[in-house]
Protein chains: 2
Amino acid sequence: MSDAALWTALADPHRRAIVTLLLERPRPVGEIAEHCGLSQPSASKHLKVLREAGLVRVRQDAQRRVHALDPAPIAALDAWLEPYRRLWNSSLDALGRRLDETSDDT
Amino acid sequence: MSDAALWTALADPHRRAIVTLLLERPRPVGEIAEHCGLSQPSASKHLKVLREAGLVRVRQDAQRRVHALDPAPIAALDAWLEPYRRLWNSSLDALGRRLDETSDDT
DNA sequence: CAGTTATATGCCAGTCAAGGAATGCAGACG
DNA sequence: CGTCTGCATTCCTTGACTGGCATATAACTG
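Residues numbered from 1 in each chain as written. Chains lettered and ligands numbered in written order. Predicted model: local features only at pLDDT ≥ 70, side-chain atom pairs only at ≥ 80, totals over all residues. Heavy atoms only, no water.

Draft legend 1. Here's a closer look at the packing of aromatic side chains. Counted according to the given criterion, the structure contains five aromatic pairs over all chains. Connected via pairs of aromatic rings, a cluster forms that spans A:W7, A:W80, A:Y84, B:W7, B:W80 and B:Y84. (Phe/Tyr/Trp six-rings, centres within 6.5 Å; stacked < 30°, edge-to-face > 60°.)

Draft legend 2. Quick peek at the pairing of strand β2 (residues 56-61) of chain A. All names here are of chain A. Two elements, β2 and strand β3 (residues 64-69), share six bridges in a ladder whose sense is antiparallel. For V58, the partnering residue across the bridge sits in β3 and is H67. The hairpin formed by β2 and β3 contains two residues between the paired strands, and A62 there has a positive phi angle of roughly 60 degrees. (Pairing = 2+ DSSP bridges. Helix = DSSP H or I, 4+ residues; strand = E, 2+ residues; numbered from the N terminus.)

Draft legend 3. Broad picture of the protein's contact with DNA strand D. Lining the immediate environment of DNA strand D, one finds 24 residues, of which A:H14, A:K45, A:H46, B:Q40 and B:S44 sit closest. Close to the protein, within 4 Å, the atoms of DNA strand D are drawn from sugar and phosphate at a rate of 60%. In the model, a phosphate oxygen of DNA strand D is placed 3.1 Å from a nitrogen or oxygen of the A:R15 side chain. With respect to DNA strand D, the side chain of B:K45 contributes an N or O atom lying 3.4 Å from a base oxygen. (Near = heavy atom within 4 Å. Polar contact = N/O pair within 3.5 Å; in protein donor to acceptor, adjacent residues only side chain to side chain.)

Draft legend 4. Representation of the interface of chain A and chain B. Each partner contributes to the interface: chain A provides 23 residues, whereas chain B provides 23 residues. Carbon and sulfur atoms make up 78% of the area that chain A and chain B hide from each other, which totals about 2300 Å². Looking at the side of chain A facing chain B, the largest losses of area belong to A:W7, A:R16 and A:Y84, adding up to 26% of the total buried there. Where chain A meets chain B, there are two salt bridges. Among the ionic pairs, A:R85 bridges to B:D78, the shortest N-O distance being 2.4 Å. The interface formed by chain A and chain B holds four residue pairs in polar contact (both at pLDDT 80 or more) in total. (Contact = heavy atoms within 4.5 Å. Buried area = accessible area lost by both parts, 1.4 Å probe. Salt bridge = Lys/Arg side-chain N within 4 Å of Asp/Glu carboxyl O.)

Draft legend 5. View of the protein's contact with DNA strand C. By nearness alone, 23 residues border DNA strand C, and A:Q40, A:S44, B:H14, B:K45 and B:H46 come closest of all. Here a base nitrogen of DNA strand C sits 2.7 Å away from a polar atom, N or O, in the side chain of A:Q40. Measuring from a base oxygen of DNA strand C, one finds a side-chain N or O atom of B:K45 at 2.4 Å. Put simply, the parts of the chain that give the surface near DNA strand C at least two residues each are α3 (29-36), α4 (40-52) and β3 of chain A together with α2 (13-24) and α4 (40-52) of chain B. Per-element accounting of the surface near DNA strand C gives the leading share, six residues, to α4(A).

Draft legend 6. Here's a closer look at the sheet that holds strand β2 (residues 56-61) of chain B. Residue and element names in this part refer to chain B. Pairing is antiparallel in the open sheet, where three strands are placed in the order β1-β3-β2. The open sheet terminates on both sides in strands that have one partner only, identified here as β1 (27-28) and β2. Relative to strand β3 (residues 64-69), α2 is tilted by about 90 degrees, and along the sheet it contacts β1, β2 and β3. (Axes fitted to C-alpha atoms, helices over the stretch in contact; angles between N-to-C directions.)

Draft legend 7. Examining unusual backbone geometry more closely. Residues and elements named next belong to chain A. Unusually for a residue other than glycine, A62 sits at a positive phi of about 60 degrees. Its location among the elements puts A62 in the loop between β2 and β3. Residue class for A62 comes out exposed when judged on its relative accessible area of 62%. (Buried < 20%, exposed > 50% of the residue type's maximum accessible area, 1.4 Å probe, protein only.)

Draft legend 8. Broad picture of the side chain of B:R15. Residues and elements named next belong to chain B. One can find R15 in helix α2. Notably, R15 is buried but unbridged: the nearest opposite-charge side chain belongs to D12, and the N-O separation is 4.6 Å. Excluding residues within four positions of it along the chain, R15 makes contact with T8, A9, H46, V49 and L50. (Lys, Arg positive; Asp, Glu negative; His and termini not counted.)

The structure is reproduced here in structure tokens:
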């Protein structure tokens, strides 16, 4: 269960920003740092955490290290959310039903 | 965007355990503490964080404070996951296609 | 090989969250 | 009103994480 590593990785706002940024396309470290307003060392460290959580993969291109998103671990989160999503949906349903019952004064 | 509070709240394993526990049914603080192997003060603190993230609601019953799960904030997470889920699914699709192509040696 | 670019790492100081023990507080109950 | 129960809050200590800076490392360039 490196589930913990995944949560920890995504708990940080900067790292979520990186992940979101990589959603667009893979990028080298420097570019990531710039876009997220991070120093290069800081970006490197965050990327390390993301790598160890399996969220990011590296491809070496000359001196550059192009980091790409790996969405696979997100599936674990998705699975974790499952039961709550059910609850949430049924709550919405209940709300909808109640709204329907009272909807004559809309 | 108290999105951050939500992530922070769920980043902690104990709090995830509490949330999972409350999935079953609402419970008073003492019960939660016992089930999660937490001291009473610790449980109280974690519940406070969960409350402030909107994940938990309290109903007062005599001296007891019965905490119940509120799955609504989870929707935010779900929304955040959306784009990644797409990617993930398409990756699966791609994998499936590749497996199909090579599936004569199954 | 010397120099430059792109990135990783080590070290340090500041910050913050977590756990434990003790205490405060409100409701129940005789 | 005194007491007990259930929970919240405070204080304190400790460990973890973060950022910055300096430095090491690796790969390209001439």
